Amino acid sequence: MTQLAQYLVGGLATGSLYALVALGVVLLYRSSRVLNFAHGDIATLGTFVAFTLLGRKLPFSLAVAGGLAAAALVGVLFFFFVLRPAKEASLLGKIVLTLGLALVLGGAVQVVWGTETLVFPFPLSDTRIYRVGQVVVSETSLGTIVTGIVLMTLLYVLVQGTKVGLAMRAVAQNADAAQALGIPARRIYALTWGLAGALGGAAGVLLAPVVFLDPFMMLDPFLKGFAAAVMGGMDSLPGAVLGGFLLGIAESVFAGYISFKFKTTMAFAVIILVLLVRPEGLLGRVYHRRV
Amino acid sequence: MRTLTRLIIAMTVVAALGTAAVGQPAERGVTPTEIVLGTSMPMSGPASPWGMGVGGGIDAWLRHINAQGGINGRTFRFLIRDDAYLPPRAVANVRELVERDGVFGIVSQIGTANCYANRDFMVESKTLWITPACGADMWAGMRERNRYVFITYPGYVDEGIFLTKYGVESLKAKKIAVFYQNDLYGQQGLLGVKRGVHAFQAKGAKLVAQVSYEVIDAEVTAQALKLKESGADTLIIYADPRRGALIVREIAKVGYQPTLMSTFTLMDPMMFMLAGEAWNNIYLATYMPMPGMGDARTDAALATITRINPALARLPFNAAAGVSFVEPFLEGIRRAGPALTKERLVEAMETIKNWDGEMIRGVSFTKDSRQGINRMFMVKSERGQYTKLSDWYTYPKKF
Amino acid sequence: MSSDLLERYQDDLYQVKGATGWLAVGTLLTGLFALPFLLPRVGLGYLLFIAILMAANVIVAVGLNMLVGFTGLISLGHAGFVAIGAYASGLLAARLGLPWYAAWVGAAAITAGFGFLVGLPALRLTGPYLAIATLGFGIAVYQVLVNWTALSGGRTGLPIQQLSLGIAGLTPTQQLYCVAVGAAVVLSWVGYNLARSHVGRAFAAIRDSDIAAEVTGVNLLWYKTLAFAISAAYAGVAGAIVAQALRHLEPQSFTFLESITYFAMVVIGGLGTVSGAIIGAVILTLLPHYLSGLKQWLPIFYGAAIILMMMVEPRGIYGRWMRIKMYFKAWPL
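About the criteria used
Residues numbered from 1 in each chain as written. Chains lettered and ligands numbered in written order. Predicted model: local features only at pLDDT ≥ 70, side-chain atom pairs only at ≥ 80, totals over all residues. Heavy atoms only, no water. Helix = DSSP H or I, 4+ residues; strand = E, 2+ residues; numbered from the N terminus. Buried < 20%, exposed > 50% of the residue type's maximum accessible area, 1.4 Å probe, protein only. Areas by Shrake-Rupley, 256 points an atom, 1.4 Å probe, with all protein chains shown as cover. Lys, Arg positive; Asp, Glu negative; His and termini not counted. Charge placed at Lys NZ, Arg CZ, Asp CG, Glu CD. Rg over C-alpha atoms; globule rule 2.2 N^0.38 Å. Contact = heavy atoms within 4.5 Å. Buried area = accessible area lost by both parts, 1.4 Å probe. Salt bridge = Lys/Arg side-chain N within 4 Å of Asp/Glu carboxyl O. Polar contact = N/O pair within 3.5 Å; in protein donor to acceptor, adjacent residues only side chain to side chain. Pairing = 2+ DSSP bridges. Right-handed = clockwise from strand over helix to strand, strands pointing away. Expected span 1.5 Å × (residues − 1). Arc of directions from axis to C-beta.

Let us look at the overall build of chain A. Across its full length, chain A holds 11 helices and 2 strands. Taken along the three principal axes of its C-alpha coordinates, chain A extends 60 × 50 × 35 Å. Here chain A, with 291 residues, has 62% of them falling under the buried criterion. Accessible area of chain A: about 11,500 Å², with a carbon and sulfur share of 68%. One finds the centroid of the 20 positive side-chain charges in chain A at a distance of 9 Å from the centroid of its 11 negative side-chain charges.

Below, the discussion takes up the overall build of chain C. Tallying secondary structure elements over chain C gives 15 helices and 2 strands in all. Against the compact-globule benchmark of 20 Å for 333 residues, chain C has a radius of gyration of 20 Å, which places it among compact chains. The principal-axis extents of the C-alpha atoms in chain C amount to approximately 65 × 55 × 40 Å. For chain C, buried positions account for 61% of its 333 residues. At a minimum sequence separation of 6, the contacts of chain C that also span at least 24 residues come to 75%. A total of about 13,200 Å² of accessible surface is found on chain C, and carbon and sulfur atoms cover 69% of it. Across chain C, the mean location of the 17 positive side-chain charges is 7 Å away from that of the 10 negative side-chain charges.

A separate point is the interface of chain B and chain A. In this complex, chain B contributes 32 residues to the contact, which on the side of chain A involves 30 residues. With both sides pooled, the region where chain B packs onto chain A buries about 2,700 Å², and carbon together with sulfur makes up 56% of that total. When the buried surface of chain B facing chain A is broken down by residue, Arg-242, Arg-249 and Lys-253 of chain B rank first, second and third, together holding 24% of it. Joining chain B to chain A, the criterion identifies 2 salt bridges. Note that Asp-214 of chain A is salt-bridged to Arg-242 of chain B, the shortest N-O span being 2.8 Å.

With that out of the way, let us pick up the environment of Ser-31 of chain A. All names here are of chain A. With respect to the helices, strands and loops of the structure, Ser-31 is situated in helix α1 (residues 2–32). Look at Ser-31 and you get buried, because its relative accessible area is 10%. In sequence terms Ser-31 and Ala-170 are 139 residues apart; their C-alpha atoms lie 8.9 Å from each other. Within the local environment of Ser-31, its side chain forms a polar contact with the backbone oxygen of Leu-28, the two atoms lying 3.3 Å apart.

Attention now moves to the pairing of strand β9 (residues 259–262) of chain B. Residues and elements named next belong to chain B. Inspection of the sheet shows strand β8 (residues 234–238) paired to β9 by 4 bridges, in the parallel sense. Across the sheet, residue Leu-235 finds its bridge partner in β9, namely Leu-260. After leaving β8, the chain enters helix α8 (residues 241–253) and then returns to the sheet as β9, a path that is right-handed. Bridge count for β9 against strand β10 (residues 282–286) is 3 bridges, and the pairing is parallel. Among the inter-strand pairings, Ser-262 is bridged to a residue of β10, identified as Leu-284. Since β9 and β10 lie parallel, the crossover through helix α9 (residues 270–275) that links them has a hand, and here it is right-handed.

Glancing now at helix α15 (residues 316–330) of chain C. Residue and element names in this part refer to chain C. The end-to-end C-alpha distance of α15 is 21 Å, a good match for the 21 Å that 15 residues give at a rise of 1.5 Å each. If you check which residues of α15 are buried, you get Gly-316, Tyr-318 and Gly-319. The buried side chains of α15 occupy one side of the element, clustering within an arc of 105 degrees when seen end-on.

These values are about where atoms sit, not about what they do.
Spelled out as structure tokens, the structure:
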């Protein structure tokens, strides 16, 4: 029983990361129907910028804020200088554009910061642990879960409770109608890209102390986050969160009880099963297509 | 269909343009003033630390040799191409290096898949191949066909046997667990440990757990728990630096403290930085003195290449490995003298007996053997340094 | 432009139009098959290997285009099909002792079978959901190949026996080139014709509106799974070629990144046309190879090239070519 609880706790921490990544993916998909394959690399760039700022002895919160700002900026610049001029591109074409961006960013990070593994200084220690009964939780895991939940709540408040969030939802539903009503769609898109980038950056900053910082650390979490977003429903932000946590827990439990080697396969198997039962994702809106 | 015609014509033109005609000297890759060498390594993508480090180390060392006037009046030109660890690109690169750029030899290569994919071409084209950094066991049984291949890289299986032997004999190990990367590197290490355990069964050695992780896995918490459950008193680690550091931190977190042993690939000074306190009192096997052991010649050589290429300071282990790969070859060129041909080089290499370079130690080749080194010794990590623990252990040569 | 003037209905049906058309096709084919003998004479023999890889990529791209471009179903796991084809061809030849051509046909059939299975979820899933399902398939294939060592040799890999055309005087590379390019030509020809057949029209109908297609009598179950099966079979043949080229298989070459590259080939070349797929495959095979001297700068230039190509011509390179042709056709308007 304690073993299961231990796996659950581990899964919650990973799930929190997947949920953050998934939120970024869903935000973008909702508004512009673009699957952003560069999400992981934008997040990595933000984390490296934070790392450099930390190296210059800035306080942790400022350095992280700088990293998130950098990630957001990259997203906005990409939108303005690449996506908008290429508005003729089909959806698949836009996906390939994000692939190009992923390659460029990955290469740039490697060229500027080198390829070796680095230690990311984090105020919460990975070795200080708390015991809840028999279950061991490290400070970093706890911090990841708490930060994740805080960020998700903030995002929820933004999207549901503010005028900007209302504008975002309007543009996501029908961009032309929103523009006709006076909502500056371009600015909202830019804001969405910036927000998605910042969320990714936050995920990266939370991931780096746990798995060490290198240019390719987000490859696997990005894939899983993407899959979690799909499982939860690509147009539902709560779905992304739910999908992220479920995926994290499922993976941890499988790895612990059944097999390490097929951990990822089984995670995807779960996702496919969910999709077969509910093709629009767990919390996705059922879309009745008209012919 | 017309589109295709024009496309193909354009392609051929581009291909022809992209290939400058290279004058072929009498001996491929050797002129009176220059020797051309090449390699294909992962310089981008997740395997790039290996390519950047090893390739960078070789390149810096060759530039150091050039700065001293070269060897027998010839300087070196070293061509590196990126293959992103993908076998098809590795093969394409190597073929182009041999046939278009006309290299005298290929120096090293990273990745078993790439080595295997290139092996037939290298053997058939009789190209010199210096220490492809793949499991040495792939050459066993190829005695008649590997005249031009020279390897100075240890075998993981032999190392696994050595680790187990040392653990059982000197560290009183009884219940052994293995944490390994699920690829050829880790699997060979595991095989070595299994053979060692089998050999020392009479002394009570038992393999109680073998826990793996996938190359793309980011976390190893579940594996740490599994290892703790096994109750082993000795843990042998066959991982890469990241996961090696993670596992020792994780098992410290869950309060599991076995005797820790590991392979030379984790003798990277980076481990102290990544794992901090947890990387103390680890027993490691190694085949040459590594940077950080206090060996004067090794440290001087590392300082030399770091001066030439400062980026190598962050990849000291890989860079040192790169130097150790190319050194015996340079010695062979020295011994072959001014009239350098492939055959004379092979004969010269075969005269190398128990030779020490600046990094590598104890290299021997014979007419029948292309396995240059077959010795290891144990070190222990203490307070950020590695200290030598045992004498040379020699294992049988396989090729 | 007199060759564009059609006089009979049959003229419109012909794939290759008129004498000039046949001349072009003839030149192309002679050129392609003369290359393996010409190139070594001028010291460019190493290009043959790249040509073999290109042929394999062309086959995958044409197959993938049938799925993504014609039928509108996304697949991000095609490297899995290539892997299955590669390993199947090797195993059939090694374990069952089949001659290489039988092994290749068998590999294509096995891969098509898997394609059919993967196509079944496609009946319920669309867009990113299908993309994730296929992605999961690709990852599953990779992990099975890594861990099922009895079947695949795991990380030690699977050695592949060399095929032989039985023609003396040709090096193995030349023989493989002939087989690979021959397969690419034949399969492209099949692709061109498929696009214009009733199957191709059914695929296009599904892409444009699958519910309407079903209403008008296109059996979705049959055609969607057929699309997957055909593109998988193409990928299987390409896998067999890759297996022969490398002579030693490891799961290394068949990861998610490869799937993404195939996808990019189809889109950059021009979605929905066979010529576009071929162009995309050629470009994305040559580009990383010629940039390999840039070492760690390669991804930056490669990614920038991809972005530029997509920005300059969102409809793909073939789309740009079509626009140029239209411009000259309509000249002097």
